[in-house]
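Each chain is listed here by its residues.
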Amino acid sequence: MTACRARDGIKWAAVPPDVIPSWVADMDFPIAPVIRETIARRAAADLGYPTWLEQPGCGPLAEAFAERMANRYDWHPDPGQVRTYTDLNQALQVLLQLTTRPGDPIALHTPAYNSFLDTLRDMDRRMLPIPIGPDGRFEVPAEPAPVLLLINPQNPAGRVFTRSELDALAEYAERHDALVISDEIHADLVYSPGRHIPFATILPDRTVTLASASKAFNMGGIRCAVAHIGARAVRAALDGQPPHIYGAPGVLDVEASVAAWRHGDPWLEEILLILDRNRRLIAKRLPAEVGYRMPEGTYLAWLDLSAYGPPVAADTAGFLEREARVKLGPGPLYGGGGAFVRLNFATSEEILEEILARISSALGAQR
């Protein structure tokens, strides 16, 4: 834990020294050596204008993305339909700006990634929530919307959508002539026997797929994402914009992402073993009264402490920070209730054991 506290990133630097952070979605693991070596090699060689500067999708980035989708998910996207952004939030905002108007409903499964909720609010788009069911399954929207914003694997619930769920959403999109914007940034973080199914393999001409190497390879500060634009009208709208109006990733961002997608899997496989162990450890260590459905993907646990009643359930995140000295993501931030919290378990066994022991002790004192 000492090494983590020495970091100056927001996860550890933004909390008091006696609080263990488990809120923002950064891992506590060093980045893959191949990524570190690639960045150092590029910095030592040439930081001038790259040869791919004017190529769609930054050239090698689009190609690496297409190769990865083909190799891991049997999806063969056209690299020429890839466009690049600094992150998924920028990509989403650009897409909504070009395809919707203020007041339009955007269908979204809730609870949901907080930055997407902020985007809908800030852009004056009306969220059409699709709540999680009591069995952990998600339904189709209850009314028409021009855009279905899909997060799969789902953050913060940790669900990996099944083929039947995706088929139902595809039927909805066809019936209502909806564009599907599919955030698949957690696609590489799926646990066996689950498997990720790119939505574009089901409804290619109506789907925009958002992806980045940043989440699976612990590179939140690397500003690089791609959007595969399967919808022809959306490609035309994007291509009608000035070429540099939205900016683009830098050379080091592209180099790091390409290295991760092409050469980072040995590191990722080791990390997935740790994460799999950790998601099971949560089930063993937390009290039975804590609602916890083991995530099928991501490294995020969605916990329900409503069984404890007030004062715990009124503001669970606040209670745990005060009494357990553990900082988790508060449920309302993601569109959930105050009794819910999001726990990031991408850390060492030692740190996770301490987090869970602190939570259990604080909850035990309420009984």
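Conventions adopted
- Residues numbered from 1 in each chain as written.
- Predicted model: local features only at pLDDT ≥ 70, side-chain atom pairs only at ≥ 80, totals over all residues.
- Heavy atoms only, no water.
- Helix = DSSP H or I, 4+ residues; strand = E, 2+ residues; numbered from the N terminus.
- Rg over C-alpha atoms; globule rule 2.2 N^0.38 Å.
- Buried < 20%, exposed > 50% of the residue type's maximum accessible area, 1.4 Å probe, protein only.
- Contact = heavy atoms within 4.5 Å.
- Lys, Arg positive; Asp, Glu negative; His and termini not counted.
- Charge placed at Lys NZ, Arg CZ, Asp CG, Glu CD.
- Expected span 1.5 Å × (residues − 1).
- Arc of directions from axis to C-beta.
- Disulfide = S-S within 2.5 Å.
- Pairing = 2+ DSSP bridges.
- Axes fitted to C-alpha atoms, helices over the stretch in contact; angles between N-to-C directions.
- Core = buried A, V, L, I, M, F, W, Y, C linked by side-chain atoms within 4.5 Å.
- Salt bridge = Lys/Arg side-chain N within 4 Å of Asp/Glu carboxyl O.
- Phe/Tyr/Trp six-rings, centres within 6.5 Å; stacked < 30°, edge-to-face > 60°.

Caption draft 1: Layout of the overall build of the protein chain. When helices and strands are counted, the protein chain shows twelve helices and twelve strands. Taken over C-alpha atoms, the radius of gyration comes to 21 Å for the protein chain, in line with the 21 Å a tight globule of 367 residues would show. Counting only C-alpha atoms and orienting by the principal axes, one finds that the protein chain spans roughly 60 × 55 × 35 Å. Every one of the 367 residues in the protein chain was classed for burial, and the buried ones make up 54%. Within the protein chain, contacts between residues separated by at least 24 positions form 72% of all contacts whose residues are at least 6 apart in sequence. Measuring between centres, the 36 positive side-chain charges of the protein chain sit 2 Å from its 45 negative side-chain charges.

Caption draft 2: Up close: helix H12 (residues 349-364). With 16 residues, H12 should cover 22 Å at 1.5 Å per step; its first-to-last C-alpha distance of 22 Å lies within 8% of that length. Of the residues making up H12, those classed as buried are Ile351, Leu352, Ile355, Leu356, Ile359, Ser360, Ala362 and Leu363. Along the long axis of H12, the arc covered by the buried residues comes to 165 degrees, so they all point the same way. Along H12, exposed side chains directed more than 90 degrees from the buried face belong to Glu350 and Ser361.

Caption draft 3: Up close: the state of the cysteines. Applying the stated criterion to the full structure yields zero disulfides. Left without a disulfide partner, Cys224 is nearest to the cysteine sulfur of Cys58, which lies 6.7 Å away.

Caption draft 4: Expanded view of the sheet that holds strand E1 (residues 20-22). The five strands lie next to each other as E1-E11-E12-E10-E9, forming an open sheet whose pairing is mixed. The two strands at the open ends of the sheet, each matched to only one other strand, are E1 and strand E9 (291-292). Looking at chain direction, E1 and strand E11 (residues 326-330) are connected through three bridges and run parallel. Along E11, the bridge assignment pairs Ile20 with Val326. Against the sheet, helix H11 (residues 316-323) contacts E11 and strand E12 (340-344), and its axis sits at roughly 175 degrees relative to E11.

Caption draft 5: Just the nonpolar core, in detail. Core analysis: the biggest nonpolar cluster contains 70 residues, and Phe217, Leu275, Ile282, Tyr299, Leu303, Leu343 and Phe345 have the highest contact counts within it. Broken down by secondary-structure element, the contributors of at least two residues to this core are helix H4 (60-73), helix H9 (251-263), helix H10 (265-285), strand E10 (300-304), H11, E11, E12 and H12. Listed in part, the 28 residues of the second largest apolar core include Ala91, Leu117, Ala225 and Ile229.

Caption draft 6: Region of the structure containing the pattern of salt bridges. Tallied over the entire structure, the rule returns 27 salt bridges. Residue Asp118 is joined to Arg121 by a salt bridge in which the shortest nitrogen-to-oxygen separation is 3.2 Å. With Asp118 and Arg121 both in helix H6 (residues 114-122) and three residues apart, this pair spans about one turn of that helix. For Arg121, a relative accessible area of 56% translates into the label exposed. A salt bridge links Arg121 to Asp122, with the nearest nitrogen and oxygen atoms 3.2 Å apart.

Caption draft 7: Fine view of the packing of aromatic side chains. Scanning all chains against the criterion turns up seven aromatic pairs. Between the aromatic rings of Phe65 and Trp75, the centroid separation amounts to 5.9 Å while the plane-to-plane angle is 90 degrees, which identifies the pairing as edge-to-face. Remark: Trp75 occurs in the loop between H4 and strand E2 (82-85) and Phe65 occurs in helix H4; sequence separation between them is ten residues. Its relative accessible area of 8% is what places Trp75 among the buried residues. Here Phe217 and Trp267 contribute two aromatic rings whose centre-to-centre distance is 5.9 Å and whose plane-to-plane angle is 25 degrees, an arrangement assigned as stacked.

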